[in-house]
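Architecture and fold: a report
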Amino acid sequence: MHSVKKAYPKTVYPFDYYALLFFTTAFAGWLWEVLLYLVTAHTFVNRGVYRGPYLPIYGAGCVLLILLLRRLRRHPAAVFVLSCIFCTALEYFSGVWLLWKWGVRWWDYSRHPYNVDGHICLTGAVGFGLGGVLLICVLQPVFNRYYHRMTIAVRVTLCIVFTLIFIADAAYSAMLPHTGEHVNTFFLAFSRQLP
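Residues numbered from 1 in each chain as written. Predicted model: local features only at pLDDT ≥ 70, side-chain atom pairs only at ≥ 80, totals over all residues. Heavy atoms only, no water.

1. Concerning the environment of Asp 117
Threshold: We count a stretch as a helix when DSSP gives it H or I for four or more residues in a row; a strand needs E for two or more, and each element gets its number in order from the N terminus. Contacts are assigned to residue pairs with any non-hydrogen atoms lying within 4.5 Å of each other.
Relative to the helices and strands, Asp 117 is located in the loop between β1 (115–116) and β2 (120–121). Along the sequence, Asp 117 and Tyr 92 sit 25 residues apart, while their C-alpha atoms lie 9.0 Å from each other. Among all residues touching Asp 117, those that are not within four sequence positions of it are Tyr 92 and Arg 105.

Okay, here's the thing in structure tokens:
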């Protein structure tokens, strides 16, 4: 354990750390949206562009926040504000790109107050801020403990397996994105329930 800490100081992590963080949080994001749909619409929907159980936008957002904000762990207010800004920008540009690329909206906040072109809204931004605080101040230390309990061989094997599956899914979805029933209508249907 001592040698690992010496090889990788607190502010520098190896590639497999970020890869495993990406896959873990991409799966957590997928699980969150599936559970949200189960609670609100009482049906299972595999959310997102890909076929697998992950939403890359969550993984990318979490890796971005860890890279930029991990030194602010003792300043949750700053983490909240910056998470709102960074993740909302990521969601906006992702929504614009997906709409331009495939002509499909995987989310639509157009009926939510304070939205911009239906790609982002104030409620979502606040959620990203709270999620950023949870990630940086609570979950990253837990992730770190589990990460350092794994051997390098286990970490590398997991990275290779997850990466190969993800690349195959991404290549397939680049040609035929996942647009199954309800996958791009959830937020629109949910927003109709708002006053």
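Further notes follow.
2. Comments concerning the packing of aromatic side chains
Inclusion rule: The pairing test for Phe, Tyr and Trp rings, Trp by its six-membered ring, is centres within 6.5 Å, and the orientation test on the planes gives stacked under 30 degrees, edge-to-face over 60, and tilted for anything in between. A simple rule labels every residue: compare its accessible area, found with a 1.4 Å probe on the protein chains alone, to the largest value its type can have, and call it buried under 20%, exposed over 50%, or partly exposed in between. Whether a charge sits over a ring comes down to the Lys NZ or Arg CZ being within 6 Å of the ring centre and within 35 degrees of the ring normal.
Taken as a whole, this structure holds 16 aromatic pairs when the rule is applied. Centroid distance Tyr 17 to Tyr 147: 5.0 Å. Interplanar angle 80 degrees. Geometry classified as edge-to-face. You can see Tyr 17 sitting in helix α2 (residues 15–41) and its partner Tyr 147 sitting in helix α5 (residues 122–149), a full 130 residues away along the chain. Overall, Tyr 17 belongs to the buried group, its relative accessible area being 0%. On the basis of an interplanar angle of 70 degrees and a centroid distance of 6.2 Å, the ring pair of Trp 30 and Phe 44 is categorised as edge-to-face. Here the residue Trp 30 occupies a position in helix α2, and Phe 44 occupies one in the loop between α2 and α3 (56–69), the gap between them amounting to 14 residues. Since its relative accessible area comes to 11%, Trp 30 is described here as buried. Ring-pair connections join several aromatic residues into one group, and the members of that group are Phe 22, Phe 23, Tyr 50, Tyr 54, Phe 162 and Phe 166. One cation-aromatic arrangement involves Arg 149 over Tyr 146; the distance from NZ or CZ to the ring centre is 5.3 Å. Over the ring of Tyr 147 we find Arg 155, and its NZ or CZ is 4.2 Å from the ring centre.

3. Comments concerning unusual backbone geometry
Here Tyr 114, not a glycine, exhibits a phi torsion of approximately 55 degrees, which is positive. One can find Tyr 114 in the loop between α4 (76–102) and β1. On the basis of relative accessible area, Tyr 114 is assigned to the exposed category, the value being 68%. Backbone geometry at Asp 117 places phi at a positive 55 degrees, although glycine is not the residue there.

4. Considering the pattern of salt bridges
Our working definition: Counted as salt bridges are all cases of a side-chain nitrogen of Lys or Arg within 4 Å of a carboxyl oxygen of Asp or Glu.
Counted under the stated rule, the structure contains 1 salt bridge. For Arg 155, the salt bridge goes to Asp 16, with nearest N and O atoms at 2.9 Å. Taken together, the residues span a long stretch of sequence, with Arg 155 in helix α6 (residues 152–175) and Asp 16 in helix α2 at a distance of 139 residues. Like Arg 155, the residue Asp 16 is buried in the burial classification.

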